[in-house]
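Chain and residue survey
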Protein chains: 4
Amino acid sequence: VRIGVIGTGRIGRMHAQLLAREIDGATVPAVADAVPAVAERVAADLGAEAATIDEVLASPAVDAVAICTSTDTHVDLVVRAAQAGKAIFCEKPVSLDLAQVDRALAAVASAGVPFMVGFNRRFDPGHASVHSAVRSGQIGELHVLRITSRDPSPPPPAYVAVSGGIFLDMTIHDFDMARHVVGSEVVEVFARGAVRVDPLIGEAGDVDTAVVVLTHEDGTLTTIDNSRQAVYGFDQRIEAFGSLGMAVSDNPARHAGWVRTATATAAQPLPWFFLERYLESYRQEWAAFVTYLRDGGPSPVDPEAGRAPVLIGIAATRSLREGRPVAIAEVQ
Amino acid sequence: VRIGVIGTGRIGRMHAQLLAREIDGATVPAVADAVPAVAERVAADLGAEAATIDEVLASPAVDAVAICTSTDTHVDLVVRAAQAGKAIFCEKPVSLDLAQVDRALAAVASAGVPFMVGFNRRFDPGHASVHSAVRSGQIGELHVLRITSRDPSPPPPAYVAVSGGIFLDMTIHDFDMARHVVGSEVVEVFARGAVRVDPLIGEAGDVDTAVVVLTHEDGTLTTIDNSRQAVYGFDQRIEAFGSLGMAVSDNPARHAGWVRTATATAAQPLPWFFLERYLESYRQEWAAFVTYLRDGGPSPVDPEAGRAPVLIGIAATRSLREGRPVAIAEVQ
Amino acid sequence: VRIGVIGTGRIGRMHAQLLAREIDGATVPAVADAVPAVAERVAADLGAEAATIDEVLASPAVDAVAICTSTDTHVDLVVRAAQAGKAIFCEKPVSLDLAQVDRALAAVASAGVPFMVGFNRRFDPGHASVHSAVRSGQIGELHVLRITSRDPSPPPPAYVAVSGGIFLDMTIHDFDMARHVVGSEVVEVFARGAVRVDPLIGEAGDVDTAVVVLTHEDGTLTTIDNSRQAVYGFDQRIEAFGSLGMAVSDNPARHAGWVRTATATAAQPLPWFFLERYLESYRQEWAAFVTYLRDGGPSPVDPEAGRAPVLIGIAATRSLREGRPVAIAEVQ
Amino acid sequence: VRIGVIGTGRIGRMHAQLLAREIDGATVPAVADAVPAVAERVAADLGAEAATIDEVLASPAVDAVAICTSTDTHVDLVVRAAQAGKAIFCEKPVSLDLAQVDRALAAVASAGVPFMVGFNRRFDPGHASVHSAVRSGQIGELHVLRITSRDPSPPPPAYVAVSGGIFLDMTIHDFDMARHVVGSEVVEVFARGAVRVDPLIGEAGDVDTAVVVLTHEDGTLTTIDNSRQAVYGFDQRIEAFGSLGMAVSDNPARHAGWVRTATATAAQPLPWFFLERYLESYRQEWAAFVTYLRDGGPSPVDPEAGRAPVLIGIAATRSLREGRPVAIAEVQ
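Let me begin by describing the structure that accompanies this report. Within any chain, residue numbers begin from 1 and follow the written order of that chain's sequence. Labels are handed out in written order, letters beginning with A for the chains and numbers beginning with 1 for the ligands. Local features in this predicted model are restricted to residues of pLDDT 70 or higher, and side-chain atom pairs are both shown and tallied only at a pLDDT of 80 or more, whereas totals for entire chains, interfaces and linings draw on every residue. The side-chain quantities take in all heavy atoms of the structure and omit both hydrogens and water.

The next thing to look at is the relation of the copies chain A and chain B. Note on the identical chains: chain A maps onto chain B by a rotation of 180 degrees and an axial translation of 0.0 Å, with an RMSD of 0.0 Å. This pairing of chains is accounted for by a two-fold axis. Taking C-alpha positions as the reference, the residue of chain A nearest the rotation axis is Arg324 of chain A, at 2.9 Å. A contact between two residues is defined here by any heavy atoms of the two lying within 4.5 Å. Of the residues that chain A buries at the interface, 98% are likewise interface residues in chain B, meaning the two copies contact each other through the same surface. To superpose the copies, least squares is applied to the C-alpha atoms of every residue with a pLDDT of at least 70 in both.

The following block contains the structure:
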C-alpha cells in the first residue's frame with residue numbers, strides 16, 4: 001500500500017517514519033505539509049518525495065492518504081481525498097463540529113473509499129487484550145467498564161482555551177474506547193469536574209479533573225476518571241468487569257528493574273510521554289490499516305467513531321454545566 | 001479492658017474470640033445472646049460467663065460492651081448501655097433509620113461514654129495505608145478517590161428484599177471509607193444501577209450492579225463501583241489520586257505462589273470470604289478500641305459515622321430512582 | 001486427637017495455642033515444660049492441665065505428643081513416647097547427630113507409632129503450590145530448583161558457635177524442601193560460603209553467606225543461596241523450573257497497599273518475623289498431622305526427613321571446608 | 001560518528017538500521033558483507049553505500065566500524081581496523097580462542113583506537129538498573145549475585161556441536177554480566193550440567209541445563225542457572241543482594257494486560273525472541289558507543305571483556321568435565 005502522508009508535524013512525521021520503515025506492506029511515496037520545508041526534511045529522511053497536498057491527492061502513485069494536519073483542516077481534506085478516490089486514514093478527531101463530521105462521512109460514503117479514524121489506543125496491546133477478552137466471551141457478559149486516563153502534565157492554558165474543553169480534547173479517547181470495548185452505544189452521560197491542578201485552566205473555562213458515568217444502550221455502565229496531571233507519568237488503565245471475570249490493561253513499567261531495601265520495595269515511575277507509552281499502538285494501527293486495505297472487511301475504526309465520541313463529549317460538557325445527566329438524544 | 005459481648009452469632013463469636021485470645025489488654029468476662037444456648041457454647045469455649053443482656057449491662061465486671069446483635073436491636077442496646085455507663089462498640093450500621101440513629105447518638109452524647117461504630121474496613125492494613133498516605137500529605141492534595149467493592153456472591157433475594165437496598169446494605173462501607181479517606185463530608189450523590197447478576201434481585205426491587213459518584217464539600221470526587229457477584233472472589237480496592245501521586249490498596253493474594261507456562265502466567269484467585277479477607281482489620285479495630293478506651297482522644301470511628309453513611313445511602317437510593325444527582329441537604 | 005504438648009517455650013506455646021483453638025479435631029488436654037511455671041501459665045491460658053513429662057507420656061487422655069523442647073532432648077523423648085505408644089510430632093531437627101537420629105527412628109519403627117517431623121515450610125501455601133505444581137506434572141519434568149532463604153537478622157555469635165553451623169542450623173530447612181519438591185534424594189553437595197554480615201560469625205567458625213548446589217539422584221540440580229541478614233525482611237522463595245514451565249513461591253507482602261509518586265512506585269518491605277511469615281504453615285502442618293492420625297497413610301513429613309537433611313548438611317559443611325563437591329555416600 | 005557496518009546478516013542489519021535511523025549522532029555511510037547482494041539490499045534500504053570490506057576500512061568517510069560478521073572472522077577484522085585507525089565495535093565474542101583474543105587486543109592497544117565489545121545485555125534498562133544500584137551503593141556491599149538465563153528454545157544440534165559448548169556459547173553473556181555487576185574478577189568456577197531438554201545435545205557432547213557458582217576475588221558469590229529451553233519464553237533475570245538490600249531485573253511482560261477469572265489470575269507469557277526482549281539494550285549500546293567516541297573516557301565494555309568471559313567459560317567447561325571447582329589461574 002502506497003500511502004501519502006499529509007501533515008508532517010510531530011505526529012505526521014512519526015506516522016511517515018513508521019510507514020516507511022517498520023510496517024510490512026506499506027511505502028511512503030510522497031509527503032506534504034503546509035510548510036514545504038518541513039515536508040522536505042521528512043521526505044529527505046525517508047527517501048520520499050516532498051509534494052504539495054494537491055500533488056499527493058492527484059498522484060497515481062498514491063493509494064491512500066494519512067491526514068495528520070491540524071484538526072480544523074481534516075474535513076476538507078477528507079472530502080477531497082474521498083473525491084480523489086483515495087483510501088483515507090484521518091487522525092482523531094475528524095472534527096469537533098458535528099455538521100462537519102457528517103459532511104466528511106457523507107463524502108466517504110458517497111465515494112465508497114476505505115476510511116479509518118486514528119483512535120490509536122484501540123491498538124495498544126494491553127487495551128486490545130481487554131477488548132478481546134470481552135469480545136471472546138472470556139469474562140462473560142460485561143457489567144462495568146472502568147477507564148482511568150491521566151496525562152502527565154497539563155497543556156498550556158492558551159491551548160486549553162481553544163481545545164473544546166477536557167471532554168472533547170482528552171476524554172474523547174476514552175469515549176471511543178468505551179464504545180469499542182462495550183460494543184453498545186452510549187445513551188446517557190453524567191459528568192462532574194473540578195479545577196484542582198491549575199487555576200488558569202479554570203479561568204480558561206475548563207476543568208482539569210473529571211469523573212464521567214456513561215450508560216450504554218445494553219445497560220452496561222462505564223466510569224471514567226481524568227486528570228490533566230499525574231505527576232508520576234502517563235496513567236492509562238482499562239478494566240472490564242463481567243459475569244465470568246475481569247480483564248485489565250494496567251500501566252506498563254518503563255523497565256522491570258526494582259529495588260528492595262529496609263524501608264521499601266521500589267520500582268520506576270511510569271512512562272511519561274505519549275509516544276513512549278503508545279508507540280506500539282501506532283505500529284499496530286498501521287498494520288490494521290494495511291490489512292484492511294488489502295483484505296477488505298469493516299474498518300478497524302468505523303466511520304461512526306468520527307461522530308459518536310464527539311456527541312458524547314458534547315453531552316458530557318452539557319452535563320458538567322447543568323449538573324444533571326444528559327441523554328445523547330438531547331444533543332444529537 | 002473487660003468487654004461484654006452481646007450477640008454471639010457469626011460476627012459476635014469472632015469478636016469474642018479475638019478479644020479473649022488475641023487482643024492485648026482485652027478480656028471477655030461475659031457474653032450474652034438472644035439464644036442462651038448459643039451464648040453458653042461461646043462462653044464455654046472462651047472461659048467466659050454466659051449471661052443475660054441485662055446481667056451484662058449491669059455487671060460491674062464489664063467496662064465496655066460489644067453490640068453484635070441484629071441491626072434492628074442496635075439502638076435500644078446502645079441507649080441502655082449508655083445509660084449503664086458502659087463504653088460502647090456497636091456493629092455497623094447503628095440503624096438504617098435516621099431518627100433512630102439520632103436517638104442512639106443522643107444517648108451516647110448525654111452519657112458521655114466512649115463510642116465506636118464497627119466500620120472495620122478502615123482498619124484493613126492496605127486501606128489504612130491509603131488513608132495514612134492521604135493524611136500525611138505523601139500524595140499531596142487529594143483530587144479523586146476510586147473505590148471498587150464487589151462481593152463474591154449475592155445474598156439470597158429474600159435477604160435483598162429486607163436489606164434496605166444495595167446502597168444501605170453494601171455500599172455503606174464504601175460511603176464510610178470515602179468520608180474517612182477524603183476527610184470532607186459528601187454534599188451530593190449521583191448513582192446508576194442495573195440488574196445484571198440475578199433477575200430475582202430486580203424483582204425484589206433492588207439492583208446488583210451500581211456506580212456512584214460522590215462530590216465532597218472540598219471538591220474532591222469519589223467514584224464507587226459495586227457488584228453483588230465477582231466470580232473470582234472478594235474484590236476490594238481503593239485508590240487515592242492527588243497532586244503528588246497515588247496511593248493504592250490492592251487486592252491481597254491468597255498466597256504468593258504462581259505458575260508460568262507456555263500459554264500464561266497464572267496466580268490464585270482472590271480470597272473469597274469476608275472473614276478471610278478482613279480478619280486482620282478486625283484485629284486492628286479492636287486494638288484501636290482498646291487504645292481509645294485507655295488513652296482517650298477522639299473515637300477511631302466517630303459517632304457521625306453512624307449517621308453520614310446512612311444519609312449518603314438514602315441519597316444514592318433516591319438518585320437511582322429519580323435519575324438525577326441528589327444533594328445530601330435534600331435528605332437530611 | 002488429644003495432643004499433649006511437651007515444651008512450652010516460644011514455639012511450643014504457639015503450637016499449643018493453635019492446637020487448642022484453631023485446629024479442627026485437635027484438643028490439648030495437657031502441657032509440660034522443664035520449667036513447671038511456664039507450663040502452668042500456658043495451661044491456664046488454654047484451659048489445659050499442667051503436667052510433668054512423665055504424666056503426659058503416661059496419660060490415657062493423650063493420643064499424641066508434640067515434642068517442642070530443645071533439640072538435644074528430642075531423641076530421648078521420641079524414644080520414650082514411642083515406647084508409650086503415642087503418636088509423635090517432633091520439632092525439627094530430630095537431632096544433628098546421625099546415630100541419635102537413627103536411634104529415634106528405630107524406636108518409632110519398632111513401636112509402629114505415627115511419626116512426623118516438624119518441617120513446617122512444606123505446608124506454607126505458596127511453597128506447597130510449587131510442590132503441587134511439580135507433583136501434578138503441571139510444569140513437566142523438573143530440571144532446576146532454586147531456593148532463596150535469607151533471615152532478617154543474624155543470631156547472636158554465641159548461638160552461632162553451638163548451632164552446628166549455617167548448613168545444619170538454617171539451610172537444613174532448604175535441604176528438606178529440596179528433597180520434598182524434587183522427590184529424588186540428593187547424591188552430591190557443593191557449597192561455598194563467606195563471612196559478609198558479621199566478622200564475629202567468622203570468629204565463631206561459621207559463615208553467614210552461602211551458596212549450595214545439590215545434585216539429585218535423578219539429575220535435577222538445586223541451587224540454594226542463604227544469608228543471615230536480609231535488611232528488608234524474611235526472604236523466602238522457591239522456584240521450580242521444568243520442561244513445561246516454572247512454578248514460583250514468591251515473598252508475600254505485608255499488605256497490598258502501595259504508593260506511586262513522581263520518583264518511584266513503592267510498596268512495604270517484607271514480613272520480618274518467622275511467626276508472621278510462616279504462621280499459616282503451622283496451621284496447615286497441624287491440620288495435616290490430624291488428618292494423618294485419623295486417616296492413616298504415609299506421614300506428611302516422612303521419618304527419613306529426620307535423617308537426610310542432616311546428612312546433606314554434614315556434606316555441605318565438609319564441602320565448604322575442603323573446597324570440593326562431596327558425595328552423600330562419603331558422609332553416610 | 002560515521003559508522004561502517006561490516007557483516008549485514010540478521011544482527012548486522014539490525015545494527016545498521018538502528019545506527020542509520022534511531023541513534024542520535026550516528027550515520028551509516030557504508031555497509032559491507034561477504035555476500036555483496038546482502039549488503040546492497042541493506043544499503044538500498046538505508047540510503048548507504050554498499051562497499052567491500054577493504055573499501056570500508058580504507059574510506060576516509062568512515063570513523064568507526066561495527067564488526068558483525070561470524071565469530072571466526074572477528075580477530076582479523078579487528079586487527080585490520082585497528083591498523084586502519086578506525087574506532088571499533090566488535091560483536092561478542094571477540095573469539096573463543098584466547099591467543100586470538102590476545103592478538104586482537106594487542107592490535108587495538110598498539111593502535112590506540114577506541115574499542116568496545118558488543119555485550120549488549122549490560123545496556124538493558126532493567127539489568128543496567130541493577131548495575132547502577134550496586135555501583136551507587138544503594139544496596140550496600142554486594143554479597144550474592146543471582147543470574148537466571150534461559151533461552152526459549154534450543155539451537156539445532158548441528159550448531160551445538162560447533163558452538164564451543166553452552167558455557168562459551170550462552171553463559172558467556174552471564175559471565176560478562178557477573179564481572180560487570182560485581183566489579184571484581186572471577187577467581188574460581190564450579191559448574192554442574194545435565195542433558196534434560198534434548199538427548200541430541202548430549203550426543204553432540206554438550207549439556208542443555210547448567211548451574212554455575214562463581215567466586216569473585218572480593219569474596220562475592222555468583223550463581224547462574226541456564227537452560228536451552230524455557231517453554232514460556234526468554235527468561236532473563238538478575239538479582240543483586242547486598243548489605244542494604246536487593247536490586248532485581250525481572251522479566252518484562254509483553255504487555256500489561258491480564259485477566260482474572262474464577263480459577264486464576266493470568267497474564268501473557270514472556271517475550272520470546274531476543275530481538276524483542278533486548279531491542280532497547282541495542283539502542284542504549286549504540287548510544288553509549290557514540291558518547292564514548294565523542295567524549296572519550298573508558299570503554300563502556302572494556303577490552304578485558306573480550307578475554308575474561310572466555311576464560312571463565314573455559315574453566316566452567318573443565319569444571320563440568322572434571323567434577324571439581326576450577327581456578328581461573330589454572331586455565332589462564
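There's plenty left to go through after this.
This part is about the state of the cysteines. Two cysteine sulfur atoms form a disulfide, by the criterion used here, when they sit within 2.5 Å. Inspection of the entire model under this criterion finds zero disulfides over all chains. Cys68 of chain D supplies the cysteine sulfur nearest to Cys90 of chain D, a cysteine that is in no disulfide, at a spacing of 8.4 Å.

Let us look at the pairing of strand E9 (residues 209–216) of chain B. Residues and elements named next belong to chain B. Each residue gets one of three labels from its accessible area relative to the maximum for its type: buried under 20%, exposed over 50%, partly exposed in between, using a 1.4 Å probe on protein chains only. Note on conventions: DSSP H or I runs of at least 4 residues are helices, E runs of at least 2 residues are strands, and numbering of each starts at the N terminus. Among the eight residues in E9, eight count as buried, and that is most of the element. Judged by which residues are buried, E9 turns out to be covered on both faces: Thr209, Val211, Val213 and Thr215 on one side and Ala210, Val212, Leu214 and His216 on the other are all buried. For two strands to be treated as a pair, DSSP must find at least two bridges joining them. Relative to strand E10 (residues 221–227), E9 is paired through seven bridges, and the arrangement is antiparallel. When the bridges of E10 are listed, Thr215 appears paired with Leu221.

Here we take up the pattern of salt bridges. Residues and elements named next belong to chain D. Criterion for a salt bridge: a side-chain nitrogen of Lys or Arg within 4 Å of a carboxyl oxygen of Asp or Glu. As enumerated under the stated definition, the model contains 100 salt bridges over all chains in all. Close ionic contact of Asp302 with Arg179 constitutes a salt bridge, the shortest N to O distance being 3.4 Å. With Asp302 in the loop between helix H11 (274–295) and helix H12 (308–322) and Arg179 in helix H9 (residues 172–182), the pair connects residues that are 123 residues apart, well separated along the chain. Note on Arg179: relative accessible area 9%, which makes it buried.

Once that is clear, we can look at the interface of chain A and chain B. How big an interface is tends to be reported as the loss of accessible area on association of its parts. Taken together, the contacts link 41 residues of chain A with 40 residues of chain B. Summed over both partners, the accessible surface that disappears when two parts come together, traced with a 1.4 Å probe, is what is meant by buried area. Interface of chain A and chain B: buried area, both sides summed, is about 3,200 Å²; carbon and sulfur atoms make up 59% of it. Counting the surface chain A buries against chain B, the share from its top three residues, Arg146, Arg196 and Phe241 of chain A, is 22%. Across the contact surface, chain A and chain B share eight salt bridges. For Arg192 of chain A, the salt bridge identified is with Glu188 of chain B, shortest N-O distance 2.5 Å. Put simply, the parts of the chain that give the side of chain A that touches chain B at least two residues each are strand E7 (142–150), strand E8 (186–194), strand E9 (209–216), strand E10 (221–227), strand E11 (235–242) and strand E12 (245–249) of chain A. It is E7 of chain A that provides the largest number of residues to the side of chain A that touches chain B, a total of six residues. Its residues assigned to classes, the side of chain A that touches chain B comprises 16 nonpolar, 13 polar and 12 charged. Gly counts as polar in this scheme, as do all residues outside two lists: the nonpolar Ala, Val, Leu, Ile, Met, Phe, Trp, Tyr, Cys and Pro, and the charged Asp, Glu, Lys and Arg.

What follows is about the packing of aromatic side chains. Geometry of aromatic contacts follows a simple scheme: Phe, Tyr and Trp rings, the Trp one being its six-membered ring, pair when their centres are within 6.5 Å, and the pair is stacked under 30 degrees between planes, edge-to-face over 60, tilted otherwise. Evaluated as defined, the whole model comprises 26 aromatic pairs over all chains. Consider the rings of Phe89 of chain B and Trp286 of chain B, whose centres lie 4.2 Å apart with planes at 35 degrees: the pair is tilted. Highlighted residues: Phe89 of chain B in strand E5 (residues 87–91) and Trp286 of chain B in helix H11 (residues 274–295), separated in sequence by 197 residues. Comparing Phe89 of chain B with Trp286 of chain B shows no difference in burial state: the two are buried. Seen from their ring centres, Phe89 of chain C and Phe289 of chain C are 5.9 Å apart, and the 80 degrees between their planes marks the pair as edge-to-face. Taken together, the residues Phe89 of chain C in strand E5 (residues 87–91) and Phe289 of chain C in helix H11 (residues 274–295) connect sequence positions 200 residues apart.

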